[in-house]
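Here is what each chain is made of, one letter per residue.
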Amino acid sequence: MTKKKSWFLIGMIILLLQLPMIWNHSVNLGGDTLFHYNRIYDAAIQLRSGNFQPLYSFYGFNGTIRVINALYSPMLAYILGAISLISGSWFKFDLVVNVLLGISISATLWHMFNLQKVPNNWRVLLIGLVLSSNNYVSWLLQHQFNVIGAVPLILIVTILVRMYQEPQNPINVIELSCSMALVIQVHMLSTLLAILILIPLTILATYWWQDKVKNWFKIIKAVMITLFLTANIWWPYLYVTRNNVINTPGTSKMSGNVTRFFENDYAWNGTVNWPLSIIVFTILVAGLTLWKRINLVTRVLTVLGWILLVLQTNLVPWDQLLGHWPVIALIQFPFRFGFLLIIVIIALVGQYIVSYEKMDITRIGMTMLTVITVTGLLVSYNNIWQWNSNFHSDITTNIVRNPSNGQIGSTINAKRAFFSRDLQRGILTSSRGSTDYLTGSNKDYFKYNEAVFLPNSRFTKKVSHSTEVLSWEANNKTSITVPIAVYKGLSLELNGQKINVKRGELGLAIINQKSGYNKLIARQITPLSIFISYYVTIVVWSI
């Protein structure tokens, strides 16, 4: 099969999975959708207005001047912000990003298959299998950012394959530095996973390298380049955490957030449908059965696969471990190991295809893989269709109806708002509260909504450079919480008088309003060093 024909088929698969959304004219709002829409909207308005504020959100998150994008894929937020401006509505934005994400997943997998020398006809089937999995579908339905973070993880697995497959030249400096930089730029949790597998497996691979010293110098060089490529990530992070105690993303009971194999309900983020589950367990068992006959790369990937499989299940006593080592909470949900497992499994299938390519058994294997891939796509398509058709009459989310999850808003007006050319309408019609990266002691999402989202229309807000002006009418003199996040450096001027900043339990400012007209001027200036870190990053990427 030619490359052109292969990509045509891949393109058809990607477009096929968008049909339920197009046909039902539906908008999907998953658990993280409104959080990311606010990040993207903030970046979009910065681009449109020319008011570049890389550290604080003056436009998204109800203009609370929160630190969000600086700690969460800032460059990607600006790229997505530009796409949202060009698209003209959140519905069109979703379609464009869905297609671009499908292409990105396919392209990075194609790059890995180039290294493995997998034939094109097999590549189409394997890419189709991934597109039918949670590694893609959970973005279409839930806007799980792990899916975007999984794209550079494919590059990390490719690097591992090269380390063991080419001991005479295991390290490509540009590939290693750019791949790690992309992971860091896109998703910090994926960065943690990448580091956890790269460090031990790189040390192990050294045993087979022909020129150990030379290649370790290459690694050091790649690390240095990565630091420059990600200066806009680590410097703002150090600045914010050095001067503030911020809330990390909340985590629920870890034992209740493991992967569910042989299930097809994508309302659960940790789902692996039954066709793909068959592939996962078959390949891992085959690795043990054929251990003496498989090559080094396949053995390493098999061991890694088994480790990742165990880590996303209750075979690990997650809750007990969390009680002893709270740092484990950074993982949040064990099912997130599943995104990396699927990539490793696909790489393993590629290894077996190349190893047994000239044997008659490959004909049987291709027939079986074709059946499994097509079945997986049909299962996923049916799931996507049900998700879209069941909710498209009002607002397509399974969370907006449940106040206990901290999401509130009008189900009647919400859908209409997300089709509007005014991007702000969508994020003002519904809200899922989030206290991530605030400086308060209370992480209650619903209380955040009560303090920020519900009274939002009470305030008139105007933004100019690093200043936000809030004005409102009050019936009495009293102490109130205003929707302004408190971080070091915040200055407040109330009714012409500079006041001391008082932080409430949610990390929002508390002021004493007077009866009648009130005017609050909030200033939060981004240090010059933050702008320099962005300049350095952009220049180095441009070289």
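First, a word on scope: everything that follows refers to the structure included in this document.

Further remarks concern the nonpolar core. Of all hydrophobic cores here, the largest spans 160 residues; its most connected members are Ile105 and Trp472. Contacts of Ile105, omitting those with residues within four sequence positions, involve Val130, Leu131, Asn135, Tyr136, Val147, Val151 and Ile154.

Our focus in this paragraph is the sheet that holds strand 9 (residues 497-499). Read across the open sheet, the 5 strands follow the order 5-6-11-8-9; overall the sheet is antiparallel. Each edge of the open sheet carries a strand with a single partner, namely strand 5 (460-464) and strand 9. The sheet shows a mean angle of 25° between the axes of neighbouring strands, direction not considered.

This part covers the packing of helix 14 (residues 296-311) against helix 16 (residues 337-355). Relative to each other, helix 14 and helix 16 sit at 155°, their axes nearing to 9 Å. Comparing the axis directions of helix 14 and helix 16 gives the class roughly antiparallel. Both helix 14 and helix 16 take part in a crossing whose hand is left-handed. Contact with helix 14, carried on its side by Val297, Thr298, Leu301, Thr302, Leu304, Gly305, Leu308, Leu309 and Leu311, involves Phe337, Leu340, Leu341, Val344, Ala347, Leu348, Gln351 and Tyr352 of helix 16 and no other residues of that element. The residue makeup of the contact of helix 14 with helix 16, split by class, is 13 nonpolar, 4 polar and no charged.

A few words on the environment of Ile343. Tracing the sequence through the fold places Ile343 in helix 16. Among the residues examined, Ile343 registers a relative accessible area of 4% and is labelled buried. Measuring from C-alpha to C-alpha, the distance between Ile343 and Leu109 comes to 8.6 Å, with 234 residues separating the pair along the chain. Contacts of Ile343, omitting those with residues within four sequence positions, involve Met112, Asn135, Ala150, Leu153, Ile154 and Val157.

Here the focus is helix 3 (residues 33-49). Between its first and last C-alpha atoms helix 3 spans 24 Å; for 17 residues at 1.5 Å apiece the expected length is 24 Å, and the two agree. Among the 17 residues of helix 3, 14 are classified as buried, and the element is accordingly described as predominantly covered. Positioned one or two residues after helix 3, Gly50 has a phi angle of 80°, which is positive.

Let us look at the environment of Asp422. Note that Asp422 resides in the loop between helix 18 (411-417) and helix 19 (423-429). On the basis of relative accessibility, which here comes to 38%, the residue Asp422 falls in the partly exposed class. In this structure, the C-alpha to C-alpha distance between Asp422 and Ile511, residues 89 residues apart in sequence, is 32 Å.

It is worth spelling out the packing of helix 5 (residues 90-116) against helix 8 (residues 146-165) at this point. Interhelical geometry of helix 5 versus helix 8 gives an angle of 5° and a closest axis separation of 9 Å. If you check the angle between helix 5 and helix 8, you find them roughly parallel. Along the contact surface, helix 5 presents Leu101, Ser104, Ile105, Thr108, Leu109, His111, Met112, Leu115 and Gln116, while helix 8 presents Val147, Ile148, Val151, Ile154, Leu155, Val157, Thr158, Val161, Arg162 and Gln165.

To continue, consider the pairing of strand 5. Bridge analysis of strand 5 against strand 6 (residues 467-474) gives 5 bridges, and the strand direction is antiparallel. Residue Thr460 lies in a different strand from strand 6, and its bridge partner there is Ser471. What sits between the antiparallel neighbours strand 5 and strand 6 is a turn of 2 residues, in which His465 has the positive phi angle 55°.

Turning our attention to a nonpolar patch on the surface. Together, Val213, Phe217, Ile220, Val223, Met224, Leu227, Phe228, Trp234, Tyr237 and Leu238 make up an exposed nonpolar region whose accessible area comes to about 980 Å². For the nonpolar patch, the elements supplying multiple residues, two or more each, are helix 11 (212-229) and helix 12 (231-243). Ranked by the residues each element gives to the nonpolar patch, the list is headed by helix 11, at 7 residues. Residue placement: Phe228 occurs in helix 11. We classify Phe228 as partly exposed; its relative accessible area is 44%.

Conventions adopted
Residues numbered from 1 in each chain as written. Predicted model: local features only at pLDDT ≥ 70, side-chain atom pairs only at ≥ 80, totals over all residues. Heavy atoms only, no water. Core = buried A, V, L, I, M, F, W, Y, C linked by side-chain atoms within 4.5 Å. Buried < 20%, exposed > 50% of the residue type's maximum accessible area, 1.4 Å probe, protein only. Contact = heavy atoms within 4.5 Å. Pairing = 2+ DSSP bridges. Helix = DSSP H or I, 4+ residues; strand = E, 2+ residues; numbered from the N terminus. Axes fitted to C-alpha atoms, helices over the stretch in contact; angles between N-to-C directions. Parallel < 35°, antiparallel > 145°, perpendicular 65-115°, else oblique. Left-handed = near helix turned anticlockwise from the far one by under 90°. Nonpolar A, V, L, I, M, F, W, Y, C, P; charged D, E, K, R; others polar. Expected span 1.5 Å × (residues − 1). Patch = residues over 30% accessible without salt bridge, like charges linked within 9 Å, V, L, I, M, F, W, Y side chains within 5 Å. Areas by Shrake-Rupley, 256 points an atom, 1.4 Å probe, with all protein chains shown as cover. Salt bridge = Lys/Arg side-chain N within 4 Å of Asp/Glu carboxyl O.

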